[in-house]
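# Working through the structure, step by step
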Amino acid sequence: MARVRLKGVNSIRKCLVDGSTVTYWYAWKGGPRLTGSPGSPEFLAAFNAAHAQRKAPTGDNLRALVSLYRASPEFTGLADATRKVWTRWLDLIAATDGDHAIGGLPQAALDDRRVRSDLLAWRDQWAHQPRSADYAMQVLSRVLSWALDRGLLALNPAAGVSQLYKGNRADQVWTDAEVAAFVAAAPSPEVGFIIRLACVTGLRREDLAALAWSHVGDVAIVKPTSKSRGARSAIVPVLPETLELLEEIRAQQLRRHAELRTAADRKGRAGPVMPLTVLSNTLGRPWKVTGLDSAVQDAKAAASPPIDKHLHDSRGTFGTRLRKKARLTAAEIADILGWDEDRAERLLAVYVDRDDIVRSIAERIRRNEAGT
């Protein structure tokens, strides 16, 4: 019979009074002693029981709070994509193994502000990836804040922790030259449309992939947002350049549909149906979010030089268009993008208003020179 190697099993050999030796086996170093002989069903059962007990929430530590939070409507009500990402961090928060594991911290310790140093040591495991470290702390703070609201804790020791990531993408927008370079590097018109549509709608990646023709109106796009699981809608004003792009996209879908139908006829297969979504791939099918994201990354890398902009920078790009084309205020732009007004004002101050001031100064200089 093959022998199963159990990870972490610890053995200690002792010398008895009569001079003989005996080996005692433990589930892990410092763990409970295992009964039976190694390899026996009794030994394996004892090992499994010890680890099951070790993983089970005790009811009075951080691991238990994480377990309760997972079952709460505050977590189950999150968007699917958010829950998927948060689950990974919740697992790390609840872990009890490792040099800086915090899952075993008692609730009494979490009510002591001095535990903050332990939480920061846990976060600093990802200090070389500051955005990941900040995200880890965000999830942890949400769990502790939830426990505070439920009366399980007296304070949130993770509240107010300063962020490690100091990057500022307020002035990161897609320029016309970068959009043109992206389109040139895209392997198909369908890929090129992704960034172009993002820059004239400001929609998030998930909403871009799911945008249907039925969401497009004469003056606005009304799209239930994936981030709110359809509870709220993004209402995006349609600019003249947006209408022109939509007509171009529809014309390309008709051409691609005709090509696919001809190919299907030659093979004696059923022809494809016209896409219901605004963006579609070369097979005439809606983009999956992962496929759309990969297509953007590949085209950015293929551009010469490679484009150092993110897909979500297109939201700020759309904000600048709203100021330049429609002269909207910062408050109006913030409402459309779902931002706070301060963020919109920073974007406009960095990119649009600064340029307007420089142009105004240049025009005054030219007028003065012409007058003299």
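The following refers to the structure shown.

Conventions adopted
Within each chain, residues carry numbers counting from 1 in the order of the written sequence. Totals for whole chains, interfaces and linings use every residue, but because this is a predicted model, local features are given only for residues with pLDDT of at least 70 and side-chain atom pairs only at 80 or more, for both listing and counting. Calculation of side-chain values draws on the structure's entire complement of heavy atoms; hydrogens and water are dropped beforehand. For our purposes a nonpolar core is just a set of buried Ala, Val, Leu, Ile, Met, Phe, Trp, Tyr and Cys residues, chained together by side-chain atoms within 4.5 Å. Accessible area is worked out with a 1.4 Å probe on protein chains only. A residue is then buried under 20% of its type maximum, exposed over 50%, and partly exposed in between. In this description a helix means any DSSP run of H or I spanning at least four residues, a strand means any run of E spanning at least two, and both kinds are numbered starting from the N terminus. Think of it this way: a Phe, Tyr or Trp ring, Trp meaning its six-membered ring, pairs with another when their centres are within 6.5 Å, and the plane angle makes it stacked under 30 degrees, edge-to-face over 60, tilted otherwise. Along the arc lie the directions from the helix axis toward the C-beta atoms. Contacts: residue pairs with any heavy atoms within 4.5 Å of one another. Expected helix span is given by 1.5 Å per residue-to-residue step, counting one fewer step than there are residues.

Further remarks concern the nonpolar core. What tends to happen in soluble globular proteins is that the nonpolar side chains get buried as a cluster. One finds Phe-182, Ile-194, Ile-195, Leu-197, Ile-249 and Leu-279 to be the most contacted residues of the largest nonpolar core, which totals 42 residues. Secondary-structure elements contributing two or more residues to this core are helix H8 (176-185), helix H9 (189-201), helix H10 (205-210), strand S4 (233-237), helix H11 (240-266), helix H12 (289-302), helix H13 (313-326) and helix H14 (330-337). Looking at this core element by element, the count peaks at 8 residues for H9. The next biggest cluster of nonpolar side chains, apart from the first, holds 30 residues, and it includes Leu-62, Val-143, Trp-146 and Ala-158.

The subject of this paragraph is the environment of Leu-283. Considering the arrangement of structural elements, one finds Leu-283 in the loop between H11 and H12. The sequence separation of Leu-283 and Pro-272 amounts to 11 residues, and the corresponding C-alpha distance is 8.7 Å.

Take the packing of aromatic side chains next. Under the defined criterion, the tally for this structure stands at 6 aromatic pairs. Taking 5.8 Å as the distance between ring centres and 70° as the angle between the ring planes, the aromatic pair formed by Tyr-69 and Trp-146 counts as edge-to-face. Placement of Tyr-69 in helix H2 (residues 62-70) and of Trp-146 in helix H7 (residues 130-149) is noted, with a sequence separation of 77 residues between them. Aromatic side chains Trp-174 and Phe-182 sit 5.9 Å apart centroid to centroid with 85° between the ring planes, which places their arrangement in the edge-to-face category. Across this residue pair, the class does not change: Trp-174 and Phe-182 are buried. Ring-pair connections join several aromatic residues into one group, and the members of that group are Tyr-69, Phe-75 and Trp-146.

Now for unusual backbone geometry. Here Ser-304 and Pro-305 are connected by a cis peptide whose omega angle stands at -5°. With respect to the element layout, Pro-305 can be found in the loop between H12 and H13.

This paragraph deals with the environment of Gly-160. The residue Gly-160 is located in the loop between H7 and H8 in this model. A relative accessible area of 72% means that Gly-160 is categorised as exposed. For the pair Gly-160 and Ser-141, spaced 19 residues apart in sequence, the C-alpha separation works out to 9.0 Å.

As a further point, take helix H6 (residues 116-123). Among all positions of H6, only Leu-119, Trp-122 and Arg-123 are buried. Down the axis of H6, the buried side of the element spans an arc of 100°, and every buried residue falls inside it. Buried-residue contacts for H6 involve helix H4 (80-94) and H7.

Before going further, it helps to spend a moment on H7. Think of an α-helix as 3.6 residues a turn; residues three or four steps apart then line up on the same face. The terminal C-alpha atoms of H7 lie 28 Å apart, and with 20 residues this matches the ideal 28 Å at 1.5 Å per residue to within 8%. All buried positions along H7 are accounted for by Ala-133, Asp-134, Ala-136, Met-137, Val-139, Leu-140, Ser-141, Val-143, Leu-144, Trp-146 and Ala-147. Where H7 terminates, the next one or two residues include Gly-151, which has phi positive at roughly 80°.

These figures capture arrangement, not role.
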